[in-house]
Amino acid sequence: MSAVIIGSGASVPERVVTNHDLAQIMDTTDEWIVKRSGVRERRFAPVGVGSSDLAAAAVGAAIADAGLLPADIDAVVCATMTPDQFAPGIAPQVQQKAGLGAIAAYDLRQQCSGFLYGLDLAASLIESGRNEHVVVVGAEVHRGYLPFAEGWDILAGDTSVELSEQTRTAIDESRGWAVLFGDGAAAVVVSRHDDPDVGFGPRRLHTDGTWVHLIEVKGVGFRNQPWVDEAQLQARLHWPSMSGAELFRQASVLMPEAVAEVVAEAKLTVGDLDLVIAHQANARIVEAARKRLGVAESVVPMNIDRWGNTTAATLPLLWDDLAREGKIPEGATIAFTAFGSGVHWGALLYRHP
Ligand SMILES: CC(C)(COP(=O)(O)OP(=O)(O)OC[C@H]1O[C@@H](n2cnc3c(N)ncnc32)[C@H](O)[C@@H]1OP(=O)(O)O)[C@@H](O)C(=O)NCCC(=O)NCCS
């Protein structure tokens, strides 16, 4: 028995924000963003739309693509860094909004590695014989922590709005990370398969909490008394803080190392890989990881130019884009890999039926 991907679907907001749009509200240029990150545009969800809405739509699309009905799904695994509310996570809302039965609904908190951890969980639930069809979804709405204030009106095309000095300063101070992120969701259906020679093979997940400070949102949390207050907001503890250069260095090394681990465990070589589906945090990280692995550009596709870094949604969005374009051949040997806040990272090896 094995676990294979039988369908996928995505849900991205309609609103496109290009680098040129961002340059209207902050001190940046399209050239800087493209050169340093590979992002050309990203999507932002409207106010009132949460990760659970995008996730539920993606789950529905993936179930339809798999030729199943919501009633066929045994479990749903939801990965997000940006839940609709502090508690509970989005899993109960996704279960209800996607019209699933009263099934097990898991919330994972592994940020950029959330979907990778979700795939491992889904495959394990199936291989153990416990479940037949499991949906894994990655979904993010980062819009909420971007300090654009009245800048949102400018991005929406309102030329009469002028940024206050305070907003301008806040936006400029966020530019090192705010230009990277976008909103979106995508899901896959993982199902039982009779052929043991296909599906998920070796899998390695890693964590090193020594590096938790590299990228984190320090406030708002229950270590504080009270858990949220004006002082924390003034200190911008609700913003992500990020050591970009160190993250860059670690991601470029640890993703290819994890891929090499699972490939070796399967007694293959990296030359046997048809595709590496890598977390899309920065095109330069993906490129550095590719070079370290020593595989051709065509083996490590990217779509960060269209979506930005959608955190837990990057792996399934890339899978779904490739599936729509007919670029996941039958029998392909594929490595999934991700690295992100925690830090969590790893790789899974997969052979498509
Ligand atoms: C964030 C990141 C794109 C920054 O790229 P970088 O080449 O390291 O750039 P730096 O942070 O060194 O900044 C270089 C200069 O550009 C400036 N800059 C930062 N953001 C800018 C922007 N949006 N537009 C224009 N200039 C910008 C900086 O102020 C700095 O100016 P200085 O040299 O005068 O001080 C890069 O480090 C990265 O992608 N890291 C990984 C992030 C990541 O993976 N995050 C998610 C974790 S999964």
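All figures in this text were calculated on a predicted structure; none of them were measured in a lab.

Caption draft 1: Summary view of the domain arrangement of the protein. Annotation of the protein at the domain level lists domain 1 (2–193) and domain 2 (199–351). Domain 1 and domain 2 are separated by 15 Å when their C-alpha centres are compared. The junction of domain 1 with domain 2 conceals about 4100 Å² of combined surface from both sides, 64% of it contributed by carbon and sulfur atoms. Our count for the contact surface shared by domain 1 and domain 2 stands at 4 salt bridges. The salt bridge involving Arg 324 is made with Asp 65; its shortest N-O contact spans 3.8 Å. Our enumeration of links across domain 1 and domain 2 arrives at 22 residue pairs in polar contact (both at pLDDT 80 or more). Residue assignment for the side of domain 1 that touches domain 2 shows that the elements contributing at least two residues are strand S1 (2–11), helix H2 (30–37), strand S3 (41–43), helix H5 (114–127), strand S6 (133–140), helix H7 (165–178) and strand S7 (184–193). At 8 residues, the largest contribution of residues to the side of domain 1 that touches domain 2 is made by H5. Class assignment of the residues belonging to the side of domain 1 that touches domain 2 gives a composition of 27 nonpolar, 16 polar and 13 charged.

Caption draft 2: Here's a closer look at the nonpolar core. Membership of the largest hydrophobic core comes to 35 residues, with the highest contact counts inside it found for Leu 119, Val 190, Phe 200, Trp 319, Ile 334 and Phe 336. The leading source of residues in this core is H5, at 8 residues. No fewer than three residues from each of domain 1 (2–193) and domain 2 (199–351) sit in this core. Apart from the residues within four sequence positions on either side, Trp 319 is in contact with Ile 5, Ser 8, Val 188, Ile 277, Ile 328, Ile 334, Phe 336, Tyr 350 and His 352.

Caption draft 3: Expanded view of the state of the cysteines. Per the counting criterion, the structure on display carries 0 disulfides. Looking at the unpaired Cys 78, the closest cysteine sulfur is the one in Cys 112, lying at 17 Å.

Caption draft 4: Looking closely at the site of the ligand. Around the ligand sit 23 residues in total, of which Thr 28, Arg 36, Arg 175, Gly 244 and Asn 282 are the nearest. For the ligand, a nitrogen atom lies 2.6 Å from a polar atom in the side chain of Thr 28. In this structure, Trp 32 approaches the ligand through a side-chain N or O atom, which is 3.2 Å from an oxygen atom. With the chains in place, 69% of the 960 Å² that the ligand exposes on its own is no longer accessible. The set of elements that each furnish at least two residues to the shell around the ligand consists of H2, H7, helix H9 (244–265), helix H10 (283–293) and strand S12 (333–340). Of the residues belonging to the shell around the ligand, the class tally is 12 nonpolar, 7 polar and 4 charged. Each of two domains, domain 1 (2–193) and domain 2 (199–351), supplies a minimum of three residues to the shell around the ligand.

About the thresholds
- Residues numbered from 1 in each chain as written.
- Predicted model: local features only at pLDDT ≥ 70, side-chain atom pairs only at ≥ 80, totals over all residues.
- Heavy atoms only, no water.
- Domains from an automatic or database assignment.
- Buried area = accessible area lost by both parts, 1.4 Å probe.
- Salt bridge = Lys/Arg side-chain N within 4 Å of Asp/Glu carboxyl O.
- Polar contact = N/O pair within 3.5 Å; in protein donor to acceptor, adjacent residues only side chain to side chain.
- Helix = DSSP H or I, 4+ residues; strand = E, 2+ residues; numbered from the N terminus.
- Nonpolar A, V, L, I, M, F, W, Y, C, P; charged D, E, K, R; others polar.
- Core = buried A, V, L, I, M, F, W, Y, C linked by side-chain atoms within 4.5 Å.
- Buried < 20%, exposed > 50% of the residue type's maximum accessible area, 1.4 Å probe, protein only.
- Contact = heavy atoms within 4.5 Å.
- Disulfide = S-S within 2.5 Å.
- Near = heavy atom within 4 Å.
- Areas by Shrake-Rupley, 256 points an atom, 1.4 Å probe, with all protein chains shown as cover.

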